[in-house]
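# Descriptive structure summary
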Amino acid sequence: MSTFKGSSVKTWYVNGGAGVGGDTPADNTTSNRGEAPDNAWDTIQFAFDKVADGTVDDGDEIRIMNTGNYTIGTTLAPGLDTKEVLITGANAEGEVDGTQAVLIGNVGGSSPMLNLASAKGERSMWANLHFDANDNSQHCVESTSNNHYINWVNCRFSQATSHGVNRTGSLYWSFIKCRFDNNAHNGLQNTSTSFGIHYDCLFDNNGHNGADSGWRESWIRSVFYNNGTEGLVCNTAGGRVIDCVFDSNGSDGMIDEGSTVQGFRMNNIFSNNTHYGVNNGNNTDSVSFNDLFFNNGSGDFDSGQGQL
C-alpha cells in the first residue's frame, strides 16, 4: 500500500526485535539512522530522544516494527514537547497495516510503562501498540497532569498491577478501537473533568471496574464485559453513553453519577450483571431512551432516581 505525505514529513523506524537492542541501545550511530526499515533505530526511547533533539519534527511518523517483543525495563519518558508526532506499530517490513507492536513491561514497583508528563505528549497520536504490563508494571500508561489532546487508535492496555491507563487533570484524550483488559484494578482510570471520546472500545476482565471516569465524556459503541465490579463508573453530567453493551459484570453494569448537568443515554444493553443494570448513585439527572435491560440480578435500576 502506498503512503502519500508532504515533502517535509519524514518516517522513522524502530527495530528492536528478536532480542536485538531491546531496552538498551546497542548501536544508534551513523549505521543505524532510523530513516528506513533496514537501518532502523534499536530502541523506542532513542526515537523519543530524537524528537526532543529536533531530529523528528512536527508531522513526522515513528514506526515501531513488529519484529519481536520490546521489553520496557525503564519507564518510557517521551520529550515530545507538543510536537504533533504519530507513534505507530507496523509489521515486520515497516508497513502500517493494523499490526500491533508489543511492548512488555518490566519496570516493576510503582512505575508505569509510559509516563506522559506535563505537556510532553501534547497533540501526539498513538496507534497499533499493545502495552502489556506483564503483571509487573503498575500502569501501562500514566499522565498525572494536564496533558491535552492525545488520540489513541487500535491500542491495547493489559496486565497492569493497577490501572491499564491512569490519568488525572483536565484532558481531551480519545480512544478509538482500543482494548483495556486483564488489569488488576481498572482498565481506565480518570479522576477529573474530561471531554474525550471512547468509540468502539472493549473493557473486559479487569479486576475492578472496566472504566472509572470523570465528567462530560462520550462512550459510543463500546463493550464492558466481565469486569470484577462495575462495567463503567461514569459521571455523565454533560456526557453521553450510546450504543454500548454492559454484560456479566461483577456488580452493576453502570453507575451513573451525573448531577446538576443532564447526562444522556441511548440504545444501550444492560444484561447479566450481578447487581443492577444501572445504579443511579445520588442525585442522578439523566435522560434515557431505548435502553434494554435483561437478567440483571437486582433489576434494571437501583431506584429509578432522576431518570427521564
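Everything here concerns the structure above.
In what follows, the accompanying structure is described. (Residues numbered from 1 in each chain as written. Predicted model: local features only at pLDDT ≥ 70, side-chain atom pairs only at ≥ 80, totals over all residues. Heavy atoms only, no water.)

## As for the overall build of the protein chain
Secondary structure summary: the protein chain contains one helix and 30 strands in total. By the burial criterion, 52% of the 308 residues in the protein chain qualify as buried. (Helix = DSSP H or I, 4+ residues; strand = E, 2+ residues; numbered from the N terminus. Buried < 20%, exposed > 50% of the residue type's maximum accessible area, 1.4 Å probe, protein only.)

## Side note on the environment of tryptophan 219
Relative to the helices and strands, tryptophan 219 is located in strand E19 (residues 218–220). Judged by relative accessible area, tryptophan 219 falls into the buried class, the value being 0%. Measuring from C-alpha to C-alpha, the distance between tryptophan 219 and glycine 196 comes to 8.7 Å, with 23 residues separating the pair along the chain. Once you skip the residues sitting within four places of it in the chain, tryptophan 219 turns out to touch Leu188, His198, Phe203, Ala211, Ser213, Phe224, Leu232, Cys234, Arg240, Val241, Ile242 and Cys244. (Contact = heavy atoms within 4.5 Å.)

## Things to note about the sheet that holds strand E21 (residues 232–234)
Taken in spatial order, the nine strands line up as E6-E9-E12-E15-E18-E21-E24-E27-E30 in an open sheet, and their pairing is parallel. Two strands bound the open sheet, and with one partner strand each, they are strand E6 (114–115) and strand E30 (299–301). As judged from the three bridges shared by E21 and strand E24 (residues 254–256), these two strands associate in the parallel manner. Bridged to cysteine 234 within E24 is aspartate 256. (Pairing = 2+ DSSP bridges.)

## Describing the pairing of strand E1 (residues 11–14)
Burial along E1 is two-sided: Thr11 and Tyr13 facing one way and Trp12 and Val14 facing the other are all buried. Of the strand pairs in this sheet, E1 and strand E2 (residues 61–65) are connected by four bridges, and their pairing is parallel. The residue bridging tyrosine 13 from the neighbouring strand is arginine 63, located in E2.

## Digging into the packing of aromatic side chains
Tallied over the full model, the rule gives 23 aromatic pairs. Between tryptophan 152 and phenylalanine 157 the ring centres are 5.6 Å apart and the planes differ by 75°, which places this aromatic pair in the edge-to-face class. In this structure tryptophan 152 comes out as buried when scored by relative accessible area, which is 0%. (Phe/Tyr/Trp six-rings, centres within 6.5 Å; stacked < 30°, edge-to-face > 60°.)

## Looking at the nonpolar core
For soluble globular proteins, the rule of thumb is that nonpolar side chains tend to be buried together. Core analysis: the biggest nonpolar cluster contains 58 residues, and Trp126, Trp152 and Phe157 have the highest contact counts within it. At five residues, helix H1 (residues 44–52) tops the list of elements feeding residues into this core. (Core = buried A, V, L, I, M, F, W, Y, C linked by side-chain atoms within 4.5 Å.)

## Comments concerning the state of the cysteines
Under the defined criterion, the tally for this structure stands at zero disulfides. In this structure cysteine 155 is not part of a disulfide, and its nearest cysteine sulfur, from cysteine 178, lies 4.9 Å away. Cysteine 155 gets classed as buried once you look at its relative accessible area, which sits at 1%. With no disulfide of its own, cysteine 244 lies closest to cysteine 201 among cysteine sulfurs, the gap being 9.3 Å. For cysteine 244, a relative accessible area of 1% puts it in the buried group. (Disulfide = S-S within 2.5 Å.)

## Considerations on the pairing of strand E25 (residues 263–266)
Across the two faces of E25 the burial differs, with Gly263 and Arg265 buried and Phe264 and Met266 not buried at all. Strand direction decides the pairing type here: strand E22 (residues 240–242) and E25, joined by three bridges, are parallel. The partner of arginine 240 across the bridge, within E25, is phenylalanine 264. Summarising the sheet, E25 and strand E28 (residues 286–289) pair through four bridges and their orientation is parallel. What sits directly across from glycine 263, in E28, is serine 286.

## Examining the side chain of serine 174
Counting through the fold element by element, serine 174 comes out in strand E13 (residues 174–176). A polar contact is formed between the side chain of serine 174 and the backbone nitrogen of isoleucine 197, at a distance of 3.4 Å. (Polar contact = N/O pair within 3.5 Å; in protein donor to acceptor, adjacent residues only side chain to side chain.)

## Here we look at the sheet that holds strand E23 (residues 245–247)
Read from one edge of the open sheet, ten strands run E3-E5-E8-E11-E14-E17-E20-E23-E26-E29, paired in parallel fashion. Taken across any chain shown, the strands that pair with only one partner, and hence form the sheet edges, are strand E3 (70–72) and strand E29 (292–294). If you compare each strand with its neighbour and ignore which way they point, the axes differ by 10° on average. Of the strand pairs in this sheet, strand E14 (residues 179–181) and strand E17 (residues 202–204) are connected by three bridges, and their pairing is parallel. Within E17, the residue paired with arginine 179 across the bridge is leucine 202. (Axes fitted to C-alpha atoms, helices over the stretch in contact; angles between N-to-C directions.)

## Focus on the side chain of histidine 139
Checked against the element boundaries, histidine 139 lands in the loop between strand E8 (129–132) and strand E9 (141–143). Of note is the side chain of histidine 139, whose polar atom sits 3.2 Å from the backbone nitrogen of histidine 163. Leaving out residues up to four positions away in the same chain, histidine 139 has contacts with Ser111, Pro112, Met113, Ala160, Ser162, His163, Gly164 and Asn166.

## With respect to the pattern of salt bridges
What the rule picks out here adds up to ten salt bridges. Here aspartate 291 and arginine 265 are joined by a salt bridge, their closest N and O atoms 3.1 Å apart. Linking aspartate 291 in the loop between E28 and E29 with arginine 265 in strand E25, this pair joins segments that are 26 residues apart in sequence. Each member of the pair, aspartate 291 as well as arginine 265, is classed as buried. Connected through salt bridges with shared partners, the residues Arg156, Arg179, Asp181 and Asp204 form a single ionic network. (Salt bridge = Lys/Arg side-chain N within 4 Å of Asp/Glu carboxyl O.)

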